[in-house]
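Residues per chain, in single letters:
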Amino acid sequence: MIYIILILFAMLAAGIALVPISPRALCRRTALIFSGVIFAIILHMIFNLLVYNILPYSESLAYIPELNTRVLFTVTPISMILMLMTSIISIAALLSIRPILERERGLSFLIMLFQLSSIGLFLSYNLLLFFMFWEMGIITVFMLINIFGSSEGNNASMRFLMYSIVSSSLLLLGIILIYLYTPAHSLNIDTIIANSATIPYAIGSVIFAIMFVAFMIKIPLFPFHSWVGSAYAEAPTSGSVVISGILSKYGLYGIFMLFVMFNTTQSMRISILIIAIISAFYSVFVAIKSRDIKVLLAYTGMVESAIIMIGITSGNTTGYYGAIYGMFAYGLSIALLFLAAGTIEQMYGSRSVDNIKAIVKNSASTAYAFIFGVFAATGLPLTGIFIADILIFTSGFESFGILALIPIVTIMIVAAYLYRIISKSVLNSKEPTLAIRGLESDRIFAYIIIIAAIIFIGVFPSIILSIFSAS
Amino acid sequence: MIIATVLFPMLIATLLIVLFKNETIVKLSAAIGSIASLLLSIYIAIFDRNILEQYKWFNLISYSFGISFATYLLNIILLLLVAIMTPIIVIYSIGYFKGKSYGIRRFYIEMLIFASAMMLFAISENLITIFIAWEILGITSYMLIGFWYDREEAQEAARRSITTIVIGDILFLSAIIIIFATFGTTEISGLINTTNKSLLYLPMILIMIAAFTKSAQFPFNEWLADAMEAPTPVSAFLHSSTMVKAGVFLIALLLPIYESLGLNYIFVIVGVITAIIAVTNALSEHHIKRILAYSTMEDLALMFIALGLFNIFAAMLLFIVQTFYKALLFMNSGVMMNANNDNSDIYKIHGLKDNRIIRITTIIGVISLAGIIPFGSFFAKSMISTSSNNIILYIMLLAIELLSSTYIFRWMFIPLKNKGASKLRYNKYKNTSNLMKAPIIITTILALLAPITLLFLGGVFNTYNMFGNLFAYVIDSIVIAIGILIAYVFFMSNTKIKISKNNILYKAAYNSTLINKFYSIFGNAFVYLSDFFNTIDYSILKTFQSSGMYIYKFGMRTRKIVNGNVNDYYIVALIGFVFLIIIFSFVVFGVF
């Protein structure tokens, strides 16, 4: 039990090391095996928590004693759920790598590396370590979009990198300020939480603002979102799945940690709520006229992130748990939508909504997966997203009144344009477009894994929620 | 779980259909599953009345979400209606799909999930359970309207229906959230008995709008007519008998709250407007199923008017009777369309007078709809029109009754008048499979027997004095007879009556294009907003990019200092050295 975190990282490291050296036919399978093992370990941890109530445990190694920094990993219920989401989405992404047509070794390697950085980020309880894994995630995603992306990949990845560098610099500045101004001069999150009242208010709000802007660039929220359309669109299929599902949760997790570390006043929270509302409406209206299906879905992901923000800013415990539930559920649903959209791009060679028709005739599984993704994204009951919506908006209504229910209107508009795509492209079989490539049979397992996860957490929410209350 | 077992046979049948591809197994399991659910519902209706079951679904700190089922009278009425209609429609559809084996597994999966969701809706006592069923009804309706993948109009109609319904869904979700956050419970009995009713004002308005979107009332009424692109069993089941009445049912469950909040007049106003729209459009429509869709819209509007006038008895009576005669008329129209090569224009449907069974059942259905005494909707409509003391409302309702009998007899007279007797068509009628005829006959019998429920319900809802309103009965009968006369004169007899196309009434009858223009104004507004925001997006991107460009250009200009010319370097170094000495002397010696 004590060493389970080290075992987790050992498995990850083994996966990353073995992928480049295994023969070409086996590298994807190697990565899948190790991801499966990691998934099993995480399930084992959850099982231990639910049945034997073992928590929290942390792993602490000496690192830089002069800076009072240790390598500190702590498993909290929140990190367990986010790690579960990471491993499910990574398995689905690995399953969606096409064996002969793509450079599978590079893609498997990068996805395993990204999985390492995500799991490290969600487990780390030390701000310096958090920053290290954050940077690792950025570099991995940059490589994914640049090397393995489609034609405009260079531009898109450079834009992403520039925005992320600004975000990381601000984040580093915030971390340094926290280090300087906490009396204990420590970067461990638990000491910061314990000492948060001792930071003087003026500098505390400056630190909060700096780090908030840093995370705002990453989620993304308006107005720092311009990287998102091109980055998600030019990424390869497995890359899009992983980026949309997990990378946006980096920023949301960061804001979550920010709210945990600092005390916030109601006026601060209302202003953050207004930022979230503006961002949601903005992205919904930009998305209506998109002609590129992945850009459209990227803006839909922005709307979902804004809704999760409402849960975080509400400030009460239901809101926090609802936001984590929402990260899990919305992450899975947007990953499913990007998986289907990436498959459509691979089948037809184009991402344009106008030209593609009758997807259901060429690949019924992709069509129905996309339709299910749309059902999930609009909050169908018996999917996890419905539970997340209820928890988030109830807590938002408690804290802010009717103001928190205004973003729910954006779901109507999201539904309107997504159903328009379905009726014009996915199901409309009057003049079917010819597909240029078929699909291999592994793709359907990726769909099934994500759909099963979405339905499972929708029908049995008490399992996830009891993880929260066990702490 | 005793009540919820009504769903299990149909869900097991769905599972079997998913697993097996053999057509016979598919059809058999659908039929047996729906009949088994019928038997279970009858059992529950007789033996398990007035039970309330509450289950906890999940809880988080102080919030506890539950699912509850109940078998009170309203629930039993809807449960029995759905349970009776499902096997009838399933058997009809087995016959309907005889020539077309395209996607039959998909059809039955979606129909059975729909029927399960409808039964779940019928037995729910909790707003969350109702919402679960509500959304599943919406999505299965979407999949079934867009069932024929190669018809572009069907996909467009399905998209319009789901876009309208999602508006109601989201408003319903907001209402549930507000109710839950304020009261901590969403049990209907808890809401009715609460003391602080003023907090319920906003959620109840939101639920009212949600019911309007689902039941195709103004201004959300266009999707129902377009939804007739679906196959005929779908139209007979979803869009006449069950799904569209979900909104009415929801309002009926919550009626005591609306009563104490004083919001009932909205139902009457919206109902009257919708009824007028429906009636005028039905008079001018040529498509055989769209006329019936408008007639469904009119019936729903009458149910809302009845609920608005607090006459839940009349609303429920119309609810029950309408199920059967509407399904009957839709099934007959399916047979007529089949025999005429799927032609849906009533001016081109021939041969109604040849087939005796279809003719007789159609006549019975039409009589029930128009409400000739003592069939069908007569008692319900006269109760509705006498429910209020407002003379203007009474006259409007009488006018609606007149026009409704006109349009439905028009619907029947025009095909009756078309000549029949082509041998091919006669054979097609004769070869209508028994699987289509038997459900029609059963539904006819049910439609004839349905008004008898008046006697059963009367004792429970209120004591209705059947013979106290003879004057109203006489007036209604006269009005309906006038309607039939008008229809006969215009459409059945051989007199030619000319109405100029510029007649104002003629133009008013084609008013569905006005509402569509109203919708497209909204659509265009969204597109303009989207253009505007796209421009902003582009300018934000260009701002960030150009700031990068400025830095780059500044760097390019500054680079020119490094020009390789040693003389320039020497002079700059000398000047810099002099400055350094001056500054150094200021700092160290304080000389100026």
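Check the entry above for the structure.
### Focus: the interface of chain A and chain B
- With 57 residues of chain A at the interface, the matching set in chain B holds 50 residues.
- Here chain A meets chain B over a buried area of about 4,800 Å², counting both sides, of which 75% is carbon and sulfur.
- For the chain A face of the interface with chain B, the top three residues by lost area are Phe285, Met412 and Tyr419 of chain A, together amounting to 12%.
- Where chain A meets chain B, there are two salt bridges.
- It is helix α17 (residues 408-426) of chain A that contributes the most residues to the side of chain A that touches chain B, eleven residues altogether.
- A per-class count over the side of chain A that touches chain B returns 37 nonpolar, twelve polar and eight charged.

### A short note on the layout of surface pockets
- Estimated volume of the largest pocket: approximately 2,100 Å³.
- In this structure, the largest pocket is lined by 48 residues; those nearest its centre are Phe372, Leu382 and Ile455 of chain A together with Thr14 and Ile113 of chain B.
- In terms of residues, the lining of the largest pocket owes the most to one element, helix α4 (residues 104-123) of chain B, which gives eight residues.
- Across the lining of the largest pocket, the residue classes break down as 37 nonpolar, six polar and five charged.

### Digging into the packing of helix α15 (residues 364-377) of chain A against helix α18 (residues 443-459) of chain A
All names here are of chain A.
- Where α15 contacts α18, the axes come no closer than 11 Å and their chain directions differ by 25°. Considered as vectors, α15 and α18 are oriented roughly parallel to each other. Crossing geometry of α15 relative to α18 is assigned as left-handed. Between α15, through Ser365, Thr366, Ala369, Phe372 and Ala376, and α18, the contact on the second element is made entirely by Ile444, Tyr447, Ile451, Ile454 and Ile455.

### Things to note about the environment of Phe9 of chain A
Residues and elements named next belong to chain A.
- With respect to the secondary-structure elements, Phe9 resides in helix α1 (residues 4-21).
- Phe9 gets classed as buried once you look at its relative accessible area, which sits at 15%.
- Considered as a pair, Phe9 and Ser267 are 258 residues apart in the sequence and their alpha carbons are 41 Å apart.
- In this structure, Phe9 is in contact with Phe73, Leu116, Gly120, Leu123 and Phe133, ignoring residues within four places of it in sequence.

### Examining unusual backbone geometry
- In the segment running from Phe222 of chain A into Pro223 of chain A, the intervening peptide bond is cis, with an omega of 0°.
- Structurally, the position occupied by Pro223 of chain A is in the loop between α8 (201-218) and α9 (227-234).
- Note the cis peptide between Phe218 of chain B and Pro219 of chain B, where omega equals -5°.
- The residue Leu382 of chain A is not glycine, and still its phi comes out positive at about 70°.
- Secondary-structure assignment places Leu382 of chain A in the loop between α15 and α16 (384-400).
- With a relative accessible area of 33%, Leu382 of chain A lands in the partly exposed category.
- If you check the backbone angles, Phe310 of chain B has positive phi at about 65° while not being a glycine.
- By secondary structure assignment, the location of Phe310 of chain B is in the loop between α14 (288-308) and α15 (312-339).

### A word on empty space enclosed by the protein
- Taken as a whole and assessed by the stated rule, the structure comprises seven cavities of 30 Å³ or more.
- Contributing to the lining of the largest cavity are 16 residues, with Ser244, Ser248, Lys249, Gly301 and Ser305 of chain A lying nearest its centre.
- Put simply, the parts of the chain that give the lining of the largest cavity at least two residues each are α9, α10 (237-261), α12 (293-313) and α13 (317-348) of chain A.
- With six residues, the top contributor of residues to the lining of the largest cavity is α12 of chain A.
- In terms of residue class, the lining of the largest cavity is made up of nine nonpolar, five polar and two charged.
- Each pocket or cavity is described by its volume, and for the second largest cavity that value is around 70 Å³.
- Thr378 and Tyr419 of chain A together with Glu135, Gly138, Ile139, Ile162, Val166, Asp169 and Ile170 of chain B are the residues that line the second largest cavity.
- Among the elements that make up the lining of the second largest cavity, the one with the highest residue count is helix α6 (residues 152-183) of chain B (four residues).
- When its residues are assigned to classes, the lining of the second largest cavity shows five nonpolar, two polar and two charged.

### Some words on the nonpolar core
- Among the nonpolar cores identified, the biggest contains 400 residues, and Tyr419 of chain A together with Phe121, Phe172, Met204, Ile408 and Trp411 of chain B are the most heavily contacted of them.
- A domain split of this core shows at least three residues from each of domain 1 (264-510) and domain 2 (518-589) of chain B.
- For Phe121 of chain B, the contacting residues outside a window of four places in its chain are Leu78, Ile130, Ala133, Trp134, Ala246, Phe249 and Leu250 of chain B.

### Observations concerning the pattern of salt bridges
- Inspection of every chain in the model, using the stated rule, returns 17 salt bridges over all chains.
- In this structure, Glu156 of chain B and Lys424 of chain A form a salt bridge, with 3.7 Å as the shortest nitrogen-oxygen distance. Taken together, the residues span two chains, with Glu156 of chain B in helix α6 and Lys424 of chain A in helix α17.
- Note that Arg290 of chain B is salt-bridged to Glu285 of chain B, the shortest N-O span being 3.5 Å.
- In this structure Glu285 of chain B comes out as buried when scored by relative accessible area, which is 17%.
- Taken together, the shared-partner salt bridges in this structure form one network comprising Glu234, Asp292, Lys294, Glu345 and Arg351 of chain A.

### A word on helix α13 (residues 264-284) of chain B
- For α13 of chain B, spanning 21 residues, the distance from its first C-alpha to its last is 31 Å, which sits close to the expected 30 Å at 1.5 Å a residue.
- In terms of burial, α13 of chain B is a largely internal element, 15 of the 21 residues being buried.

Criteria and cut-off values
Residues numbered from 1 in each chain as written. Chains lettered and ligands numbered in written order. Predicted model: local features only at pLDDT ≥ 70, side-chain atom pairs only at ≥ 80, totals over all residues. Heavy atoms only, no water. Contact = heavy atoms within 4.5 Å. Buried area = accessible area lost by both parts, 1.4 Å probe. Salt bridge = Lys/Arg side-chain N within 4 Å of Asp/Glu carboxyl O. Helix = DSSP H or I, 4+ residues; strand = E, 2+ residues; numbered from the N terminus. Nonpolar A, V, L, I, M, F, W, Y, C, P; charged D, E, K, R; others polar. 1 Å grid on protein atoms, 1.4 Å probe; cavity = no way out; pocket = protein on both sides within 12 Å on 5 of 7 lines; lining within 4 Å. Points joined across faces, edges and corners; volume = space filled by probe spheres on them. Axes fitted to C-alpha atoms, helices over the stretch in contact; angles between N-to-C directions. Parallel < 35°, antiparallel > 145°, perpendicular 65-115°, else oblique. Left-handed = near helix turned anticlockwise from the far one by under 90°. Buried < 20%, exposed > 50% of the residue type's maximum accessible area, 1.4 Å probe, protein only. Core = buried A, V, L, I, M, F, W, Y, C linked by side-chain atoms within 4.5 Å. Domains from an automatic or database assignment. Expected span 1.5 Å × (residues − 1).

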